[in-house]
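Each chain, written out:
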Amino acid sequence: MAKSEASDYILPIYKDRALKHLVKMAGGKAAIKHLSAEQLKKMQAARDVVAKDMQFNTLKWFRPFKYQTQFFETGAHFTRRGMIAANRSGKTIASTYETAYHLTGRYPKNWKGKKWDKPIIAMCSGESWEQVAKTLQSKLLGCDDIKQSYKLGTGSIPLECIDDKSYRTDGANVLSIEIWHESGGKSKLYFSNYTQQVRHLQGFELDLVVLDEQPPDEIFSELVIRTAQRNGQVMCSFTPLKGMSGLVRRFWDQVEGYTHVRVTWDDIPFVNEWGENFFSQEERDQLSRDFMPWERDCRMKGIPLVGKGVVFPLLEWPTYKAIDVDLKKNEKMERLISFDLGIKNDPTVISFFFRDPVEEIIYLHKQIKVAQGETPDEYVHFLMDRETKDVPIALPHDAGQAGRYTLTEQSVREVFEDSYGLNCIPGAILNPVNDQGKVTNHKSYGINIMRVGMERGTFMINESCVDFLDEARNYAIDDAGRFSDPDDCIDSARIGILALIQGHGESIVSRANTFQFRRLEVPDGKVQRI
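The structure contained in this document is the topic of the report that follows. (Residues numbered from 1 in each chain as written. Predicted model: local features only at pLDDT ≥ 70, side-chain atom pairs only at ≥ 80, totals over all residues. Heavy atoms only, no water.)

**Some remarks on the pairing of strand β12 (residues 361-370)**
Selection criterion: Buried, partly exposed and exposed residues are distinguished by accessible area as a fraction of the type maximum, computed with a 1.4 Å probe on protein chains only: under 20%, between the cut-offs, and over 50%, respectively. Per the convention used, a helix needs a DSSP run of H or I reaching at least four residues, while a strand needs a run of E reaching at least two, with both numbered from the N terminus. One requirement defines pairing of two strands: DSSP has to find at least two bridges between them.
Of all 10 residues in β12, 8 are buried, a share of seventy percent or more. Across 9 bridges, strand β11 (residues 348-356) lies against β12 in antiparallel orientation. Each residue of the ladder has a partner; that of S351, found in β12, is Q367. Hairpin connection, β11 to β12: the antiparallel pair is bridged by 4 residues, and E360 has positive phi, about 55°. Examined bridge by bridge, β12 and strand β15 (residues 459-462) share 3 bridges and lie parallel to one another. Of the residues in β15, the one forming a bridge with L364 is I461.

Okay, here's the thing in structure tokens:
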């Protein structure tokens, strides 16, 4: 197609939309039947004009989904904003259309987000030059190869706002371009990618940074610095396939100054405002079958994931609400408390369990994370109230080491038993006897029991245990067989599960007076530890 021909070519999709728009304006299909031949001819001509406007001024016709609008509005109060979203959610569309609003100053009448009343300097960055061209450059300017100049203006930035004499290029890629702003001046738009050395990004002063997919932490830090002088904003949109990086953690935990909108497949409509297929149920069903199990939470729900080494590859997490399961008043339930100990570099995590001995279901009902630096005397009050005083306590193998977690000559076990009279299970909680007759402390055994329980619904987690669920979703094992950090909540729960499956749980009826008689003896044999 020659350039002269291409510039006049209007895509059929815009002709269809233009006709729908005009029919609606005329009063609907019923009203069209009463139009004269002359009126129909004028409508045909108007359709071509509107279709061309729709193709080369998409910003005017853009109608965001509800979650995209929610993301836009976060700009009024936050300067570090993320859209952490499932695949096929339109996350890049959201960030590129907002970028176009800021570059041109052509805000919708109902705009409630951040506004600039003068030209800005913006930088859009992605994983590689190819990715930048196919996503950011294509969606902003309309072409992934600048040589296809007839496509220029079919992206989110209107053709009439693009100064097509201003761009600098490197092959197919646009490095920078100027955009006319409503105030009369011109905004400056730069493109970059994450493979560039940090020093190449230095020296810029930026009003707006747009990041498509997860950037390396050092790239994010450098670009954020570029916005400091101008009190600028940073927008990120990504599916968190690279897991809980430092940046993702800041968004996920909503550290001061950071906010995010998370989008799942449940939020995504099946059709757009024109009645066109956007993301059908059939396509969702097929993709869910295509995704590997460990990817599904990330790709379908926007939940950060580590990768194919993920330990708990679950599509649905076995959670429950405390109000839906009456555990405390059920006298058949066994109770148990377990610990993962820490003091200097790690927190101490206390897990509170119930177990239904009939259905053989274990419930992780509550976890308390004790801040680093606190000794047993400072958190023992969690174990001393009416509901916990006599409950058996399962301790890890290093709880008997003097001074390790107490900052005194006593061990944690001695503090609990001698100073406070707590009901600690004698000996460390280790794995059951293996087929060689040995007792081990290999972490993988308990983790596998936990995984199987999650898959079968025999290990249920109270939805209030958010730190545990956060760790579990990102828990991975590397090529050397090492489990990832953090795992404090997981280790605390693992010890409790091992204790319960070995008969150490205690019912409310029996209390401590029969506990010693029910406890299984630790078999002889060499204890192997890792």
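**Structural notes on the sheet that holds strand β3 (residues 162-170)**
Quick reminder of the rule: Axis definition: a line fit to C-alpha positions, over the contact stretch in the case of helices; interaxial angles, taken between N-to-C directions, run 0 to 180 degrees. Residue contacts follow a heavy-atom distance rule, with two residues in contact if any of their heavy atoms lie within 4.5 Å.
A sheet is described by the order of its strands in space; here 8 strands give the open sequence β3-β4-β5-β2-β6-β7-β1-β8, paired in mixed fashion. On the outer flanks of this sheet lie β3 and β8 (258-263), each paired with one strand and no other. Neighbour to neighbour, the strand axes of the sheet diverge by 15° on average, direction disregarded. With respect to the sheet, helix α6 (residues 66-73) is in contact with β1 (80-85), β7 (233-238) and β8, its orientation differing from that of β1 by roughly 160°. Most of the contacts of helix α7 (residues 91-104) go to β7, to which it runs at about 155°, and overall it touches β1, β2 (121-126), β4 (173-180), β5 (186-193), β6 (208-212) and β7.

**Re the packing of helix α16 (residues 466-473) against helix α17 (residues 488-501)**
Our working rule: By the definition adopted for this analysis, an angle is roughly parallel if under 35 degrees, roughly antiparallel if over 145, roughly perpendicular if from 65 to 115, and oblique otherwise. In this classification, the charged set is Asp, Glu, Lys and Arg, the nonpolar set is Ala, Val, Leu, Ile, Met, Phe, Trp, Tyr, Cys and Pro, and all remaining amino acids, among them Gly, are polar.
For the pair α16 and α17, the least separation of the axes is 8 Å and the interaxial angle reads 100°. When the axes of α16 and α17 are compared, the pair comes out roughly perpendicular. Across the interface between the two elements, D467, F468, E471 and A472 of α16 pack against D488, C489, I490 and A493 of α17. Classifying every residue of the contact of α16 with α17 gives 5 nonpolar, no polar and 3 charged.

**Some remarks on the side chain of T264**
Position of T264 among the secondary structure elements: in the loop between β8 and α11 (281-290). Under the relative-accessibility criterion, T264 is labelled buried at 14%. Not counting residues within four places of it along the chain, the set of residues in contact with T264 comprises A86, M300 and K301.

**Thoughts on the packing of aromatic side chains**
Here is the rule: Stacked, edge-to-face and tilted labels apply to pairs of Phe, Tyr and Trp rings (six-membered ring for Trp) whose centres lie within 6.5 Å, assigned for plane angles under 30 degrees, over 60, and everything in between, in that order. For a Lys NZ or an Arg CZ to count as sitting over a ring, it must be within 6 Å of the ring centre and within 35 degrees of the ring normal.
Applying the stated rule across the entire model yields 19 aromatic pairs. Ring plane angle 40° and centroid distance 6.4 Å describe the contact between F220 and Y258, whose orientation is recorded as tilted. In this pair, F220 is assigned in helix α9 (residues 217-228) and Y258 in strand β8, connecting sequence segments 38 residues apart. The exposure classification of F220 matches that of Y258, with both residues buried. Here F339 and Y379 contribute two aromatic rings whose centre-to-centre distance is 6.1 Å and whose plane-to-plane angle is 35°, an arrangement assigned as tilted. Taken together, the residues span a long stretch of sequence, with F339 in strand β10 (residues 334-340) and Y379 in helix α13 (residues 376-379) at a distance of 40 residues. You'll find F339 and Y379 in the same group, each marked buried. What links up through ring pairs into an aromatic cluster is the set F72, Y101, Y107 and W111. It is R88 that lies over the ring of F279; its NZ or CZ is 4.6 Å from the centre. Stacked on the ring of W180, the Lys or Arg K186 has its end atom at 5.0 Å from the ring centre.

**Points about the nonpolar core**
To keep it simple, the criterion reads: Among buried residues, the Ala, Val, Leu, Ile, Met, Phe, Trp, Tyr and Cys ones that are joined through side-chain atoms within 4.5 Å form a nonpolar core.
Counting 45 residues, the largest nonpolar core has L141, I157, L189 and F191 as the members making the most contacts within it. Here the element with the most residues in this core is α7; it accounts for 5 residues. Excluding residues that lie within four positions of it along the chain, L141 makes contacts with K151, L152, G153, T154, G155, I157, I162, V174, I177 and F191. If you look at the next biggest cluster of nonpolar residues, it comprises 30 residues, including M450, Y475, I497 and A499.

**A word on the pairing of β1**
Burial runs high along β1: 6 of the 6 residues are buried. Because side chains alternate across β1, one face comprises the buried residues R80, G82 and I84, and the other comprises R81, M83 and A85, equally buried. In the sheet, β1 pairs with β8 via 6 bridges, with the strands oriented parallel. Directly across from I84, in β8, lies its bridge partner R262. As paired elements, β1 and β7 share 5 bridges and run parallel to each other. Within β7, the residue paired with R80 across the bridge is V234.

**Focus: helix α8 (residues 129-141)**
Selection rule: Residue count minus one, scaled by 1.5 Å, sets the expected span of a helix.
Over its 13 residues, α8 runs only 15 Å from end to end, short of the ideal 18 Å by more than 12%, given 1.5 Å per residue. Within α8, burial applies to Q131, V132, A133, T135, L136, Q137, L140 and L141. Where α8 is buried, its residues contact α7, β2, β3, β4, β5 and β6. Looking at the residues trailing α8, positive phi occurs at G142, about 105°.

Interpretation note: all reported values are geometric properties and have no functional meaning in isolation.
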